[in-house]
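Coordinates in review
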Amino acid sequence: MPLLRVAVAAAVRAGTRNWARWVSGGASSPSLSIWRRKKEMGKEGLLVAKELKRLRSDPVRLDRFIRSSVSRLLKSDLVAVLAEFQRQNQVFLCMKLYDIVRKEIWYRPDMFFYRDMLMMLARNKRVEEAKRVWDDLKAEEVLFDQHTFGDIIRAFLDSGLPSEAMDIYEEMRQSPEPPLSLPFRVILKGLIPYPELREKVKDDFLEIFPDMIIYDPPEDLFEDHDQHKDGDDKNIIASS
């Protein structure tokens, strides 16, 4: 009996280790993702962030500093510095750190990592960088959930990038994740300035959720947007 208890205990320990190893590989799990945790920057991270901002206009010295100092940062500091630069809309430095993070030995593809990058790039209307990040996440087979899709699409719409938003919407429609009504409503609200695109998404919504109702905004909202757009166009012509 003692031998049996020892064998059972050993099997349980081995199984626990294997389970923990499997869970740690689930990089996009909300409960485990380092990109969802509170990001507190240590002293070394603060110094590196300050120096990166100082050297950003000097490519040679910046690359030298990245090789000598940024590469030695603790994971927590590197994550925190990137998050702070995203908050500050430091696009150039974010892309530098984005490349560094993806080369780290601890890096695992993570939808929250990519979500934060895309949201920041959308805010700053950086289409080329967003396409590059999207290509990277596709190559790494990162799968967004429906709520994340909705948030990213809305970010592009709110920044006046409907074409890019609709490209991501098509990716959302092809996702193996089951559709949810709330992300569609988030997108539909963002599409109010784009009535033709909104009708397309509305048709998709009603096809998927035939028992649900969509309340359309008053028509004068569309008219106000068109008048505002015409006014902007006239201002551009007058100033040219």
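None of the values given here were measured: they were computed from a predicted structure. (Residues numbered from 1 in each chain as written. Predicted model: local features only at pLDDT ≥ 70, side-chain atom pairs only at ≥ 80, totals over all residues. Heavy atoms only, no water.)

1. Some thoughts on the confidence of the model for the chain
Note the threshold: Per residue, pLDDT captures the predictor's confidence, and it can take any value from 0 to 100. Under the DSSP-based scheme used, a helix requires at least four consecutive residues in state H or I and a strand at least two consecutive residues in state E, with every element numbered from the N terminus. Only heavy atoms enter the contact rule, under which two residues are in contact if any of them lie within 4.5 Å.
Averaged over every residue, the pLDDT of the chain is 83; the share at 70 or more is 78%. Averaged pLDDT values over the elements of the chain bottom out at 40 in helix α1 (residues 2–24) and peak at 98 in helix α8 (residues 146–158). Long-range and interchain partners of residues 1–30, a stretch whose pLDDT sits below 50, account for 13 contacts in this model, where long-range means more than four residues apart. Contacts from residues 233–240, a stretch scored under 50 in pLDDT, to residues over four places away or in other chains number zero contacts.

2. Some words on helix α11 (residues 195–208)
Structurally, the α-helix is built with 3.6 residues per turn, so residues lying three or four positions apart point the same way. Cut-off, in case you're wondering: By this rule the span expected of a helix is its residue count minus one, scaled by 1.5 Å. Under the scheme applied here, a residue whose accessible area is under 20% of the maximum for its type counts as buried, over 50% as exposed, and between as partly exposed, the area being computed with a 1.4 Å probe on protein chains only. By arc we mean the arc of the directions from the helix axis to the C-beta atoms, nothing more.
The end-to-end C-alpha distance of α11 is 20 Å, a good match for the 20 Å that 14 residues give at a rise of 1.5 Å each. Turning to α11, its buried residues are Arg-198, Val-201, Lys-202, Asp-204 and Phe-205. The buried residues of α11 occupy an angular sector of 160° when the element is viewed end-on, so they sit on one face. Opposite the buried face of α11, at more than 90 degrees from it, the exposed residues are Glu-196 and Glu-207.

3. Details of the packing of helix α3 (residues 59–68) against helix α5 (residues 91–103)
Heads up, the rule is: Between N-to-C directions, angles span 0 to 180 degrees; the directions come from axes that are lines fitted to C-alpha atoms, helices contributing only their stretch in contact. By convention, the crossing between two helices is left-handed when the near helix turns anticlockwise from the far helix through less than a right angle, and right-handed when the turn is clockwise. Residues were grouped as follows: Ala, Val, Leu, Ile, Met, Phe, Trp, Tyr, Cys and Pro as nonpolar; Asp, Glu, Lys and Arg as charged; and all remaining residues, including Gly, as polar.
Look at α3 against α5: their axes get within 12 Å of each other, and the N-to-C directions meet at 35°. Crossing of α3 against α5: the hand is right-handed. The residues of α5 that touch α3, namely those facing Leu-62, Asp-63 and Ile-66, are Phe-92, Leu-93, Lys-96 and Ile-100. Among the residues making up the contact of α3 with α5, the classes are represented as five nonpolar, no polar and two charged.

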